[in-house]
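So you can see what is in the structure, the chains are spelled out below.
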Amino acid sequence: MKRTTLSLIAGATALAAVTGFAALTAPDGTAAPEAKATTRLPVERAGLVCPVPSTSEVAETLYTSYTPTGTSTGAGSAAGKAEPPTALLRTAAGATPSGGTGKTGKTPKAAKAPATVTAPGKPVTAEADGASVPALTGSATGALAPGWTVQQTTVVPAGGARGLLGLGCGVPDTDFWFPAASTAKDRQDYVHLTNPDDTAAVADIELYGPEGLLKSQFTEGIPVPARSTVPVLLSTLTSEAGRKDVTVHVTTRSGRVGAAVAAADDKLGSDWIAPAADPASSAVLPGIPADATSVRLVAFAPGEEDADLKVQLVTASGTIVPAGADSLHVKSGMTAAADLPDLTRGAVGSLLLTPSDPKKPTPVVAALQVVRGKGANTEIAFIPATAAVSARATVADNRAKGSTLSLTAPGAEARVKVTASAGSAGGTPVSRTVTVKAGTTTVLTDLVPGGLKGSYALTVEPLSGGKVHAARTLALPEDGVPMFTVQTFVDDRGTVEVPSAHQDLGVLD
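All values reported here derive from a predicted model rather than from experimental measurement. (Residues numbered from 1 in each chain as written. Predicted model: local features only at pLDDT ≥ 70, side-chain atom pairs only at ≥ 80, totals over all residues. Heavy atoms only, no water.)

**Q** What exactly am I supposed to notice about the confidence of the model for the chain here?
**A** Within the chain, residue pLDDT values average 86, and 84% of them lie at 70 or more. Below pLDDT 50 for its whole length, residues 1-33 participates in 51 contacts with residues either more than four positions away or in separate chains. In this model, residues 502-509 is a region of pLDDT below 50 whose contacts with residues beyond four sequence positions or in other chains number 14 contacts. (pLDDT = per-residue confidence, 0-100. Contact = heavy atoms within 4.5 Å.)

Have a look at this one:
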């Protein structure tokens, strides 16, 4: 075999570890023999975007950056020289929203070293306070890329945006769904579009209410400049404002963006709405707090067929049908909603949506609006439908008190490994193997690193059995307000499938 052929294959394999695709060709341009198998390699580069955390002068934001251990990229193996790994977030331009334009005339105040991870296994934190904190974009390379995650946690103790706002900084993409948004008078919902790339992106926003597509303006061809962010107030996009339940669909015509919705309710509090899982005929919404005083289900059917959904609650003892809320009819192209009173009855649970008729599966997207507390002491959070963890997923910024992990196995029994990392300021990581019985939700509140100092990350890895969906609830009560936020576990895409090089390369000789 010629040495040039070996170099070609090595280079293509390394490229696949970054892009997820590689085509092998011989030096003379002819196609190499078709690979008969595939393998998974660690990614060598990962990108994330974090939106503007708040417009409140009293906001306090904590960034937690983390890469789990256990995956080696072998970076630089093709070239024979390893490059030093990096994990860094940088300030995006036009980063602070004002009037929906993203421009204030003020120089943004950069977060202090928001992502200076130097080795897998230990979280790194940084604080940034006030209203001038910008959006951030960044990437991790080498050994820090597989599973890199950044959690953005903001406490706003007073004002119209009061609350605990939590968000896992997102992966740039071209298509996002956000059920449970609103254009009602008591809500201020901004969709944040952040472009991490060196070229401009162009985005479209569609709004769907209970009667279908809302009459909109200025929603097509929204420019998002390179390495910049554009926050858009939803109520300014339509003449049909005042809709309590709205589904937002964000797509890009060119380029890619990170997207999230900041929702603030004048009476209930505020939090982020993260993107829901892609449309599917079944949906799992994990981690409804045990003391939820109000739960509202919002669903949307993007296809041409109506969806009839069976609604079930997955508890620690089994799957049950909520009293008076056993089904939901979702008309094609329309947003449907249902209040689920007294849903959890003092126990953490997860909502399961399945077709009422298994022979008529219809894709839907869904999310929950959850309220804790009563009267003036209330707080709001959102739980989007989330896909099962396929290989590994992490949520950072957990605290010694106030973190609850929910694991739901809607089908078959499943075994998972849960790891609590070292603390950001010290502590020893610990792991536990957990068996989640079929049709149940298992709750963990006591998995904390030994000698914990600071915050820590929780990582979930399926070992065997059925599918598992997971969510983390972080509760940080303040002045009688039961502040909380819920983040679902989204697979970290730490590895990518690439073709295996064919062993019989005689044709290239």
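**Q** What is the right way to look at the state of the cysteines in this model?
**A** Here a disulfide denotes a covalent bond joining the sulfur atom of one cysteine to the sulfur atom of another. Counted by the stated rule, this structure contains 1 disulfide. Each disulfide pairs two cysteine sulfurs, and for C50 the partner residue is C169, the sulfurs being separated by 2.0 Å. In this structure the cystine formed by C50 and C169 twists about its S-S bond by roughly 110°; its chirality is therefore right-handed. Placement of C50 in strand β2 (residues 45-50) and of C169 in the loop between β8 (163-168) and β9 (175-181) is noted, with a sequence separation of 119 residues between them. (Disulfide = S-S within 2.5 Å. Helix = DSSP H or I, 4+ residues; strand = E, 2+ residues; numbered from the N terminus.)

**Q** Would you explain a negative patch on the surface in this entry?
**A** The grouping of E304, E305, D306, D308 and D357 at the surface amounts to a negative patch. Summarising the element assignment, D357 is placed in the loop between β24 (349-355) and β25 (365-374). Under the relative-accessibility criterion, D357 is labelled partly exposed at 32%. (Patch = residues over 30% accessible without salt bridge, like charges linked within 9 Å, V, L, I, M, F, W, Y side chains within 5 Å. Areas by Shrake-Rupley, 256 points an atom, 1.4 Å probe, with all protein chains shown as cover. Salt bridge = Lys/Arg side-chain N within 4 Å of Asp/Glu carboxyl O. Lys, Arg positive; Asp, Glu negative; His and termini not counted. Charge placed at Lys NZ, Arg CZ, Asp CG, Glu CD. Buried < 20%, exposed > 50% of the residue type's maximum accessible area, 1.4 Å probe, protein only.)

**Q** Got a minute to help me understand empty space enclosed by the protein in this structure?
**A** Considering all chains together, one arrives at 2 cavities of 30 Å³ or more under this definition. By volume, the largest cavity amounts to about 50 Å³. Every residue along the wall of the largest cavity is listed here: S403, T404, L405, V418, L444, T445, D446, L447, Y456 and L458. Listed by contribution, the elements that provide at least two residues to the lining of the largest cavity are β28 (403-409) and β34 (456-465). (1 Å grid on protein atoms, 1.4 Å probe; cavity = no way out; pocket = protein on both sides within 12 Å on 5 of 7 lines; lining within 4 Å. Points joined across faces, edges and corners; volume = space filled by probe spheres on them.)

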